[in-house]
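Structural characterization, general
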Amino acid sequence: MSFAWAKPYEPTSPFMKWMDQRLPVPRLVYGAIGGGYPVPRNLNYFWNFGVLAGLALMIQIITGIVLAMHYYSFTGGAFDSVERIMRDVPAGWVLRYVHQNGASFFFAIVYIHIFRGLYYGSYKAPREMVWLLGLVIYLLMMATAFMGYVLPWGQMSYWGAQVITGFFSAIPVVGEPLRVFILGGYAPDQAALTRFFSLHYLLPFVIAGVTILKIWALHIPGSSNPTGVDVKNEKDTLPFHPFYTAKDGFGIGVALIIFALVVYFFPYSLGHPDNYIEANPLVTPAHIVPEWYFWPFYAILRAFTVDFILPAKLWGVLAMFGSILLLFFLTWLDRSPIRSTSYRPVYKIFFWILVVDIMILGLCGVMPAEQPWIALSQICASYYFAHFLIILPLVSKFEKPRPLPNSISESVLHGEKDESRPYGLAPSGSTTAPQPAE
Amino acid sequence: MVRIIGFFVGAGFVFVLLWSLVVNGVDYFRNPPEHAAYYYFHKDPREAELPSDGMMGKFDRQQLQRGFQVYKEVCAACHGLKYVSFYQLTDLGYSDAEVKAIANQWATEVPSVNPDTGEAATRKALVSDRFPSPYPNETAARAANNNAYPPDLSLITEARHDGANYVYSLLTGYADANTYRNAEGKPVPNDAKPPQGLHFNPYFANLNIAMPAPLVSDGQVTYADGTKATKDQMAKDVAAFLVWTAEPTLEARHRAGWAVLIFLLVATVLAYMAYRNIWATAKRQVAVRGPLDPAFRERMDEAKADSGIAG
């Protein structure tokens, strides 16, 4: 697809030839994730996370479809039906634990994937559309995860739905009618549960659709790489299959081991115990906290405590949505032509401050709204906005980047001796490629 | 343009946040918050050290039976177990006949309908029944318990932080608020002492729990297996039993987990070796050995040609 030297698909068996002339799906797959997709040869393990995210989506869809066969979206029976899945449905507990912890697995992978994109400048030209579609997927994931969390109809489900739909009521004039429209009532009830179930079933397929668009958009410029240097010739790339399928196979193995450890031995570690209490509109939990993947945003929401022209709640909601929306403009905020942060000595410092900052925000999100957590979340939220909207544009203007390698294949050498140079590459100082030993 | 708008939006958020920081900070130092009594007196649960803990955890059937006995003779008077059926007691090592007898002799009967008149009635529990709730409804439960609602215990160890340890600590943690001292040796202030009908317990979230101490003396239950029924032992046993009611599939989970883990470890090692093998020629200039070695190929082709095998 992307490069002139990409190997075209050549069916060998008569059946595949017959198929290729009528419905060239094998050709599509070969060009997308087979030998016909040339990939930079220097990708590190952070490039495994795209495939891992696809795996997590498939796990969620498959377990979710089976769980939906046993679940009732009925306020009087939803909680019981989940317990029935856990106790009476054969292997139901595996499905439920996998699905429940699979959401965390999915988000953990996607967060690493997003930070990979931030560090290596994957949002820069010519991959802007890949980044934007990724953000669309992320927003869809957040909506799906929120609605899925409501379905067991536990205390945290109910009160989480109450709080999150409450965000809309912060919007002036139309806010409250909008909230009532979304919930189908004044508080979460049967109408809300049924529509959340319906949308929770729908949105993963929308995510799958956007994922296809995203892979399509990715394959036009091809994958980025840790140096950020463009692919120049055939030596810079390797075919996706077998090289990256093999590497992804190993990556999937490691990811599944970590996932299995959580699912089988610590399935409760990421959830909240209050969600094992059936929803009760008359009893508010002592601390309403979302799942861990929303903690940083929850901290930003709660950091705004003082009315300033606008009410504090509206500031919080604007900032929380703004904190994600600003990522859509990243391409145009960062004017540095250097993609990889490894070659940006000043920005690199701010990048790692951002990583720590978001982790502290996460901690503030789970802690009760009292000092010193409020102060800490205010400082960290300020840095979050300052980082993207003030520091990043300025740094990218004034920073002097380190010299980039001339090509991907050269960067792989790391100045090593000839005997450890990559196969098929010229020894340093020579221009002719060595041939394998005859 | 994007950068200019972005700068002002960012500066706006930062300004409001820092303004909030100053306002909250000034407020904090002017009126330092006063912590409620539970801030000083609430205790984290003690370790019950149950055999089901950890990655190798298994239930101790004898302990589950003892715990069930405590539930039956003490807890069941007020607390239901609505997600557990009598037949599941065979998991604890009871025989079918014993389970039948337990269901038949259960103190609370199961609501039903009189087949002759159609009026509401009750009948003896069957093996296939779930454990009947001790109260017909929440109002009746509250009326009988000074307006407190005894929660169903099926899921209690999952529905509380550190559930099993919490149950164990709560049952053994009752203390006299007048003589109680916290770790710093401070006595409970008068306004935090339990009002009429509540009971002081430092493991309970707000220190004052409606449930009176259920385990009052050693030997309250006479264990069928002869174990000495100290208060500590009974609390531990019933905590173990409630871990089972919350997740009867715990042992299956651990078992399956090890099988999955071993499978994945082997598969991952193989995947790693395949990855290194495939990349060996791409990443580093190495002498090719084995079936990928061109010299080996050549010899193989020659041998094939010699013996007349095609391809």
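Residues numbered from 1 in each chain as written. Chains lettered and ligands numbered in written order. Predicted model: local features only at pLDDT ≥ 70, side-chain atom pairs only at ≥ 80, totals over all residues.

1. A word on the overall build of chain A
Helices and strands together make up the secondary structure of chain A, namely 16 helices and two strands. Over its C-alpha atoms chain A spans a radius of gyration of 25 Å, differing by no more than 12% from the 22 Å that the globule rule assigns to 438 residues. Taken over the C-alpha atoms alone, chain A extends approximately 80 × 60 × 40 Å along its principal axes. Within the span of chain A, comprising 438 residues, buried residues form 43% of the whole. In chain A, of all internal contacts separated by at least 6 residues, the share reaching a separation of at least 24 is 75%. (Helix = DSSP H or I, 4+ residues; strand = E, 2+ residues; numbered from the N terminus. Rg over C-alpha atoms; globule rule 2.2 N^0.38 Å. Buried ≥ 20, exposed ≤ 12 C-beta atoms within 10 Å, placed from the backbone. Contact = placed C-beta atoms within 7 Å.)

2. Some words on unusual backbone geometry
In most cases, non-glycine residues show a negative phi, while peptide bonds are predominantly trans. In this structure, the amide linkage connecting A:A125 to the following residue, A:P126, adopts the cis form with an omega of 5 degrees. Cis peptide bonds are those with omega within 30 degrees of zero, and the linkage from A:Q371 to A:P372 qualifies with 5 degrees. When you line up the elements, A:P372 lands in the loop between α14 (345-366) and α15 (373-398). Positioned with a positive phi, A:A91 is a non-glycine residue whose angle comes to about 60 degrees. On the secondary structure map, A:A91 appears in the loop between α4 (78-87) and α5 (92-119). Judged by the 12 C-beta atoms lying within 10 Å of it, A:A91 falls in the exposed class. A positive phi is found at B:N147, a non-glycine position, where the angle reads about 70 degrees. With respect to the helices and strands, the residue B:N147 is situated in the loop between α5 (138-144) and α6 (163-172). Overall, the presence of 10 C-beta atoms within 10 Å leaves B:N147 in the exposed class.

3. Some remarks on helix α11 (residues 295-303) of chain A
For α11(A), the tally of buried residues reaches nine of nine residues, placing the bulk of the element in the interior. Along α11(A), the positions that sit buried rather than exposed are A:W295, A:P296, A:F297, A:Y298, A:A299, A:I300, A:L301, A:R302 and A:A303. At its buried positions, α11(A) is contacted by α12 (312-325), α14 and α15 of chain A together with α1 (2-30) of chain B.

4. Quick notes on the domain arrangement of chain A
Residues and elements named next belong to chain A. Segmenting chain A into domains produces domain 1 (32-227 + 239-268) and domain 2 (287-397). Measuring from the centre of the C-alpha atoms in domain 1 to the corresponding centre in domain 2 gives 22 Å. Elements with a minimum of two residues in the side of domain 1 that touches domain 2: α5, α6 (128-150) and α7 (155-166). It is α6 that provides the largest number of residues to the side of domain 1 that touches domain 2, a total of seven residues. Of the residues contributing to the side of domain 1 that touches domain 2, the split by class is 17 nonpolar, five polar and two charged. (Domains from an automatic or database assignment. Nonpolar A, V, L, I, M, F, W, Y, C, P; charged D, E, K, R; others polar.)

5. Overview of the confidence of the model for chain B
Considering every residue of chain B, the mean pLDDT works out to 89; 96% of them sit at 70 or more. Across the interfaces of the predicted complex, the ipTM metric reaches 0.88, alongside a pTM of 0.90. (pLDDT = per-residue confidence, 0-100.)

6. Quick word on the nonpolar core
Counting 51 residues, the largest nonpolar core has A:A53, A:F106 and A:I109 as its most contacted members. Looking at this core, the elements with two or more residues in it are α3 (49-68), α4, α5, α6, α7, α9 (190-219) and α10 (240-265) of chain A. If one sorts the elements of this core by residue count, α5(A) sits on top with 12 residues. Of all hydrophobic cores here, the second largest spans 50 residues; its members include B:L89, B:V167, B:V238 and B:V243. (Core = buried A, V, L, I, M, F, W, Y, C linked by C-beta atoms within 7 Å.)

7. Focus: the environment of A:R335
Residues and elements named next belong to chain A. Looking at where R335 falls in the secondary structure, it is placed in the loop between α13 (330-333) and α14. When the C-alpha positions of R335 and N233 are compared, they lie 27 Å apart, and in sequence the two are 102 residues distant. What R335 contacts, discounting residues up to four positions off in sequence, is P393, S396 and K397.

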